[in-house]
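Structure assessment
What follows is each chain in one-letter form.
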Amino acid sequence: VKSELLTLCEHMDTDLSGTITLDEMKLAFQTSEPFRRLMLLLEIDEKELDGVFAILDSDDGGQVDYTEFVDQMYDLRTGDVRMMVCITRKKLENFERLIKASMQDNRESIDENQ
């Protein structure tokens, strides 16, 4: 299974960088039947790709190397509940960041008006 995932990565990597980006992952979902089939087997549809990529991209660098992608996808394949927990955690982290940024903007606005 992992060797098949590595082959999928090579096909998805349109810029031949050795990494997968969110755009490449979305393009593969639209154009690669084997990749789309894998995602659907994992019960991941197109609108969930952003969340899945955020989990795979643990360092928030905007790209995931092949090995990291394969290992993480294999782990997701074997743990649906864990995947849902990871997606939820990532969404909460993003929400927390947005709230903190909004609070900071509000503080600055209040300070300016005083």
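All values derive from a computational prediction rather than experimental measurement.

Quick look at the pattern of salt bridges
Within the structure shown, the criterion is met by five salt bridges. In this structure, Lys26 engages Asp50 in a salt bridge whose closest nitrogen and oxygen atoms are separated by 3.1 Å. Taken together, the positions of Lys26 in helix α2 (residues 22-31) and Asp50 in helix α4 (residues 49-56) put the pair 24 residues apart, joining distant regions of the chain. Residue Lys26 is classed as partly exposed on the basis of its relative accessible area of 29%. According to the relative accessible area criterion, Asp50 is partly exposed, its value standing at 40%. For Lys47, the salt bridge goes to Asp45, with nearest N and O atoms at 3.3 Å.

Side note on helix α3 (residues 33-41)
Of the residues making up α3, those classed as buried are Phe35, Leu38 and Met39. Down the axis of α3, the buried side of the element spans an arc of 95°, and every buried residue falls inside it. Of the residues one or two after α3, Glu43 is the one with positive phi, at around 60°.

Remarks on the packing of α2 against α3
Two numbers describe a pair of packed helices, the interaxial angle and the distance between the axes. It is at 6 Å that the axes of α2 and α3 come closest, and there the two elements cross at 100°. It follows from the interaxial angle that α2 and α3 lie roughly perpendicular. Of α3, the residues touching α2 (which contributes Met25, Ala28, Phe29, Gln30 and Thr31) are Glu33, Phe35, Arg36, Met39 and Leu40. A per-class count over the contact of α2 with α3 returns six nonpolar, two polar and two charged.

Looking at the nonpolar core
Core analysis: the largest hydrophobic core is formed by 24 residues, its most contacted members being Met25, Phe35, Met39, Phe69 and Met73. Elements with a minimum of two residues in this core: α1 (2-12), α2, α3, α4 and α5 (66-77). A total of five residues in this core trace back to one element, the largest contributor, which is α4.

A closer look at unusual backbone geometry
The phi dihedral of Leu16 falls on the positive side, at around 55°, and the residue is not glycine. Its location among the elements puts Leu16 in the loop between α1 and β1 (19-21). Phi is positive for Asp60, close to 55°, though the residue is something other than glycine. Residue placement: Asp60 occurs in the loop between α4 and β2 (63-65).

What counts, and where the lines are drawn
Residues numbered from 1 in each chain as written. Predicted model: local features only at pLDDT ≥ 70, side-chain atom pairs only at ≥ 80, totals over all residues. Heavy atoms only, no water. Salt bridge = Lys/Arg side-chain N within 4 Å of Asp/Glu carboxyl O. Helix = DSSP H or I, 4+ residues; strand = E, 2+ residues; numbered from the N terminus. Buried < 20%, exposed > 50% of the residue type's maximum accessible area, 1.4 Å probe, protein only. Arc of directions from axis to C-beta. Axes fitted to C-alpha atoms, helices over the stretch in contact; angles between N-to-C directions. Parallel < 35°, antiparallel > 145°, perpendicular 65-115°, else oblique. Contact = heavy atoms within 4.5 Å. Nonpolar A, V, L, I, M, F, W, Y, C, P; charged D, E, K, R; others polar. Core = buried A, V, L, I, M, F, W, Y, C linked by side-chain atoms within 4.5 Å.

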